[in-house]
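Chains, contacts and geometry: an overview
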Amino acid sequence: MTTSAIAHEVTYLEAISQALDEEMSQDERVFLMGQDIGPYGGAFRVTEGFQDKYGEWRVLDTPLSESGIVGAAIGAAMMGMRPVVEMQFADFISCAFDQITEMAAKNHYRWGAEVPLVIRAPYGGGTHGGPFHSVCPEAWFFHTPGLKLVAPSTAYDAKGLLKAAIRDHNPVLYFEHKFLYRRIKEVLPTEDFVVPIGEAEIKREGGDISVITYGAMVHVALDAAEALDQEGIDMEVVDLRTLSPLDTDTIKDSVRKTGKVIILHEDTKTGGIGGEIAAILAEECFNALDAPVMRIAAPDIPVPYSPPLEDFFLPKMNDVITAARQLAAY
Amino acid sequence: MTTSAIAHEVTYLEAISQALDEEMSQDERVFLMGQDIGPYGGAFRVTEGFQDKYGEWRVLDTPLSESGIVGAAIGAAMMGMRPVVEMQFADFISCAFDQITEMAAKNHYRWGAEVPLVIRAPYGGGTHGGPFHSVCPEAWFFHTPGLKLVAPSTAYDAKGLLKAAIRDHNPVLYFEHKFLYRRIKEVLPTEDFVVPIGEAEIKREGGDISVITYGAMVHVALDAAEALDQEGIDMEVVDLRTLSPLDTDTIKDSVRKTGKVIILHEDTKTGGIGGEIAAILAEECFNALDAPVMRIAAPDIPVPYSPPLEDFFLPKMNDVITAARQLAAY
Amino acid sequence: MEISQSEFLHLYYYLRLTRALEERVTTLYRQGRIVGGAYTSHGMEAISVGYASALQADDIIAPFHRDMGAFLVRGITPGEVLAQYLGKRTGPTKGKDGNVHMGDLKRGIFAFVSHLADNLPVATGAALAFKIRGESRIVATNTGEGGTSRGDFHEALNFASVRRLPVVFFCNNNQYAYSTPLHHQMAIKDVVERAKAYAIPGEIVDGNDVVSVYLTAQRAFQRAREGEGPTFIECKTMRMHGHSEHDSAKYVPRELLEEWKKKDPILNAERQLKKLGYADEPDFHEIHMRVEKEIESAVEFAEQSPLPEGPEALEGVFAANPVEVLI
Amino acid sequence: MEISQSEFLHLYYYLRLTRALEERVTTLYRQGRIVGGAYTSHGMEAISVGYASALQADDIIAPFHRDMGAFLVRGITPGEVLAQYLGKRTGPTKGKDGNVHMGDLKRGIFAFVSHLADNLPVATGAALAFKIRGESRIVATNTGEGGTSRGDFHEALNFASVRRLPVVFFCNNNQYAYSTPLHHQMAIKDVVERAKAYAIPGEIVDGNDVVSVYLTAQRAFQRAREGEGPTFIECKTMRMHGHSEHDSAKYVPRELLEEWKKKDPILNAERQLKKLGYADEPDFHEIHMRVEKEIESAVEFAEQSPLPEGPEALEGVFAANPVEVLI
Ligand SMILES: Cc1ncc(C[n+]2csc(CCOP(=O)(O)OP(=O)(O)O)c2C)c(N)n1
Ligand SMILES: Cc1ncc(C[n+]2csc(CCOP(=O)(O)OP(=O)(O)O)c2C)c(N)n1
Ligand SMILES: [Mg+2]
Ligand SMILES: [Mg+2]
């Protein structure tokens, strides 16, 4: 480090770019595929300048064919490459659903073929994208054995989890929250690091109530915790970071400590990941629970476009505060 | 009725055929699309003889194009038709996933267009079909707002729910369990009837433990209940019949009565419908629960082919009995 | 050329209306008053105006995201369009969806979903309904050249052809799919080559010549109505703005844009109108003024319309009672 | 014809082996000893034997469900095949999957999934890996004519052509997809028409002539290896059994089957072998006997192999450590 090098803050989006860049430069098996990721640098500019640096074949602009592209990435992965596919928006992953669930997820189980594939899925609402540019599609894949799912909430985790995903021998869906892209930043270590897949992190310790959450909602939970602190309610915020496989130990330990739990996600409620977490607690932490489990999630509707509607749709800090007060009083 | 007409038993499969036949003859908007459903009568012979009766255009053999066919059915439905699409196996629904989740499920919400579409999905294991001919795909769609899901367990329900599905103004996924096709039968009413979508049914009343289940597992639960009866354990078996929208009242009433619950499904556990049910109970019946919620479901793996493996995979009567004994002793 | 004065003036009016409306969309976007994305058909208006004008009232369109002209021709008002963009309750989706995702069965419009090419199988299904019922109605649908790379394109055209369905497929080939040039999208030079895979007759038309589009569409619609099955019509054009209004489109060579500017569909129409003696500058001016006024009151309508209230978000996931359908 | 005696005898041997093995599969199925479905390539063996024999050891195949010959040529043993069918631990999927769903990276075989055409994009991806790494390896993949109606077919061929990937697409056109005849599957007469949509050179070969398939494949593979991109090869043939062994295929006209019986690929090969003076009846008999013996010991191997134990079902969902990959 030169004396002029002041540690500078890196956004969530830059953290993703850095992870890709570092993995590409240290492992020539890593390459990128997606729509408009080349000269254009991707719809969100995550790969800006990459094609100049790594060439057309390692930063490959594809036709408009999600299924074909994911399928191709699977084939390349089985031949020892480490493809990272960018969905332009996570919503379009529905077009590649079959390849993900039938081919990528099942190959290793069926015949031992490794599919070290990463699919980057820019997801989530809060940007007035409407029903087709805001979806949280993680629960579909959460229910699909053979896939790993990660959903970082900070720049640090974004970088560390993407590097871990690229180095993993399995298909990993990497859910990057669009709302966080340029809204959060932090100073990152200069040395190489990964965030291991499968480990939740307690983003705030607390003794009264556990909030189990992930993605953009981590910040909502932290804000709520801050506000509740003044009321003497001490919330613990568990950031799952990895959705599959779930770090059930951390979840259970936290709930055993606090006895009260709010499960919070941006995705719609019914059949969401929160249901599974609540079920695990109802099965395995029954005696530790001092109050009913509470879930806060979006209502069971497509993500609406108009700001008042979308605002109504998204879980908010106040929802957490209200729930926490109820639990505290229980 | 003539004197010679002895009420005869109708299989689950025949019940499905009857429902299609009756709805087609009384409503000319109803038509069928699918692979090999015409002269061949469908892979499972559900539509045998239908093309002779209703002609080529109402019993339409399609190219091998699940997405295109479901899309076409959506378009026809919006034009006032009542298409019933047959998936040759439910597993192939992954190829039509995008049309179902993005088009069929969201049209009414977005712009008020009704999509009175039924997709028949022959699903489930127990027939040594392996990873691609045995899947229970319901949880993916359970998490998709805008779809109705039904999964009958008896011939009566199979007929009544299919008729209700065809008459519904919304897209309905109809999960027909292949294992039950020719294994169960009963005498059906001669007059027209429907089983309303959204209503669970208590298939066996009991006071000690509620088993919440659906599909082929209803029979596993009933067998277990029979066996446990001798031990003095009185199980109630709640057959959901409709998976979406869930009949939460019936579920909750049963659990409030018994205080103990086993949630049983053939589908894999993590992220399955059982998680949602457990969550609802943990939220809304917390004080009524006298013991931890128990889930019995398949492990988180693709459905394996070889008999010992598939047998290991599928939830069995003994699993229910063991769980029930634990709960009873709790 | 066999187009009447009134027909041509109708086309010209809608070209102007579409242009003026979308220019206003661009302005509103730049002012930050449109919260979501904004896609325009700037320079490509002749395609949607042309094909939609060749339809009959009870036909159906299944448009894509550069078909503003078709919405207008089918009767969606500029006020509704702007209300839609502004997320107002008076837009065709009542704020549930944004921008060009407008549909209305009463006016024979299937709403576009973002997922490109998804509307093509759906279009075939409407055509199938007509065929089953023996109606002489038809369906017109459109896709970008990029959208033709998706599986749903393939499945739709194949099915339409196997069953000779009354559906006509248009392709707006504006040479780019977002930043992706044609040669990275497909190895063929003309998209119309794709039609051969289905034994669907294909045509290429000058997508910047509204009369060509209109007359070609008419012929194809006639064929479809007579039970001769689908046609594929590639409309050559150029995307003159960015992919969406946020995109400066630096990846498009400036010379290419300069060249296509000369082929602007409105200028093109004006040249022809003059040549045919159907209209001249004063008429153009008059229509221009009329259109501007319409846009002004549309803006007013949209701005004065109420936003939906939060809890309205919960309405309409499921249909309860039948709505009226054009049968 | 430019085929050597040893090459041809190799082809002939694998035709016989494939036939004999699948006949045994049919028998076992009828005896109720195969618990799942059983699909055979009866009468179509020349296609998979032909193309697979034209490959080099480090090439890759992404087969479909009528490619038994390709599995055998790539080194899957008859014993392994039968173990797979019987759900034994010694099958390539250790009982996890059934019938022709066999894969093994060490032998360059991507396992087929039931979902038709899914393997085609995957095949392009392997070819992409070779292209990126500058290797001269290639990929051969196969689909039924029915499978060409799926979107993944379209997306795969388009991508392969845009990037000139070293992959060759075969199509086993056996005129039926389950009960669906060609004219309900597509409006074109020859599947090869589909290739035009991608500017992929197409060829039609007699799929019952193993030498034609072999030589055509060789040329196409050479092209691919030299960086000239994909080829599409339609192999005309006829499905001589039911779709699966449970299907009596009453929907296929008997005369059609009679006609194709005369074109049986084994008889066909024998006629040619004799004509070329490469082999005669005694040789055929010798090979027949050899093959029969192999099948006998394969049956023995499969039957004596253990079934997996229930809890093995839980193994292998995720990869832990890298397995060896042919790079
Ligand atoms: C399935 C799918 N993938 C990606 C996108 C993102 N996207 C929106 S428009 C577009 C380019 C479309 O190109 P084209 O079809 O040529 O239409 P154009 O915008 O040029 O008119 C892309 C990639 C999408 N909407 N749908
Ligand atoms: C996506 C998908 N849909 C349906 C099926 C069921 N299915 C299995 S084989 C088959 C017919 C295949 O026909 P073709 O591709 O011509 O191959 P063939 O069996 O004739 O060799 C069908 C419909 C499937 N396997 N995959
Ligand atoms: Mg374009
Ligand atoms: Mg076939």
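Residues numbered from 1 in each chain as written. Chains lettered and ligands numbered in written order. Predicted model: local features only at pLDDT ≥ 70, side-chain atom pairs only at ≥ 80, totals over all residues. Heavy atoms only, no water.

**Here we look at the overall build of chain A**
- Counting its regular elements, chain A contains 11 helices and 14 strands.
- Taken over the C-alpha atoms alone, chain A extends approximately 60 × 55 × 40 Å along its principal axes.
- Put simply, chain A has 330 residues, and 74% of those count as buried.
- Total accessible area on chain A is roughly 9100 Å²; 49% of this is exposed by carbon and sulfur atoms.
- Looking at charge distribution, chain A has the averaged site of its 27 positive side-chain charges lying 1 Å from that of its 49 negative ones. (Helix = DSSP H or I, 4+ residues; strand = E, 2+ residues; numbered from the N terminus. Buried < 20%, exposed > 50% of the residue type's maximum accessible area, 1.4 Å probe, protein only. Areas by Shrake-Rupley, 256 points an atom, 1.4 Å probe, with all protein chains shown as cover. Lys, Arg positive; Asp, Glu negative; His and termini not counted. Charge placed at Lys NZ, Arg CZ, Asp CG, Glu CD.)

**Section: the pairing of strand 6 (residues 202–206) of chain D**
Residue and element names in this part refer to chain D.
- Across five bridges, the pairing between strand 6 and strand 7 (residues 231–236) is parallel. Opposite Asp 206, over in strand 7, you have Lys 236 as the bridge partner.
- At this point the chain moves from strand 6, through helix 8 (residues 210–225), to the parallel strand 7, and the crossover so formed is right-handed. (Pairing = 2+ DSSP bridges. Right-handed = clockwise from strand over helix to strand, strands pointing away.)

**Structural notes on the site of ligand 2**
- Looking at ligand 2, there are 22 residues lining it, with Glu66(B), His65(D), Arg66(D), Ser114(D) and Tyr176(D) nearest.
- Those residues lying near ligand 2 are distributed over chains B and D.
- At 3.2 Å, a backbone N or O of Leu116(D) approaches a nitrogen atom of ligand 2.
- Coverage of ligand 2 by the protein chains reaches 97% of its 580 Å² of free accessible surface.
- Its residues placed into classes, the shell around ligand 2 shows eight nonpolar, 10 polar and four charged. (Near = heavy atom within 4 Å. Polar contact = N/O pair within 3.5 Å; in protein donor to acceptor, adjacent residues only side chain to side chain. Nonpolar A, V, L, I, M, F, W, Y, C, P; charged D, E, K, R; others polar.)

**Concerning the packing of helix 3 (residues 66–78) of chain B against helix 6 (residues 151–162) of chain C**
- For the pair helix 3 of chain B and helix 6 of chain C, interaxial distance at closest approach is 8 Å and the crossing angle is 65 degrees. It follows from the interaxial angle that helix 3 of chain B and helix 6 of chain C lie roughly perpendicular. For the element pair helix 3 of chain B and helix 6 of chain C, the recorded crossing hand is right-handed. On the side of helix 3 of chain B, the interface is formed by Glu66(B), Ser67(B), Gly68(B), Ile69(B) and Ala72(B), while helix 6 of chain C contributes Asp152(C), Glu155(C) and Phe159(C).
- Among the residues making up the contact of helix 3 of chain B with helix 6 of chain C, the classes are represented as three nonpolar, two polar and three charged. (Axes fitted to C-alpha atoms, helices over the stretch in contact; angles between N-to-C directions. Parallel < 35°, antiparallel > 145°, perpendicular 65-115°, else oblique. Left-handed = near helix turned anticlockwise from the far one by under 90°. Contact = heavy atoms within 4.5 Å.)

**Concerning the sheet that holds strand 3 (residues 167–173) of chain C**
All names here are of chain C.
- Taken together, five strands build an open sheet; the order of strands is 1-2-3-7-6 and the sheet is parallel. Across the chains shown, the open sheet's two edge strands, defined by having one partner strand only, are strand 1 (60–62) and strand 6 (202–206). Going across the sheet, the axis of each strand differs from the next one's by a mean of 20 degrees, ignoring polarity.
- In terms of strand pairing, strand 3 meets strand 7 (residues 231–236) through six bridges, oriented parallel. Residue pairing for strand 7: Phe 170 is matched across the bridge by Ile 233.
- In the packing of helix 5 (residues 119–133) onto the sheet, the strands contacted are strand 1, strand 2 (139–144) and strand 3, and the crossing angle to strand 2 comes to about 170 degrees.
- Against the sheet, helix 8 (residues 210–225) contacts strand 2, strand 3, strand 6 and strand 7, and its axis sits at roughly 160 degrees relative to strand 6.

Without other data, these values stay purely geometric and don't point to any function.
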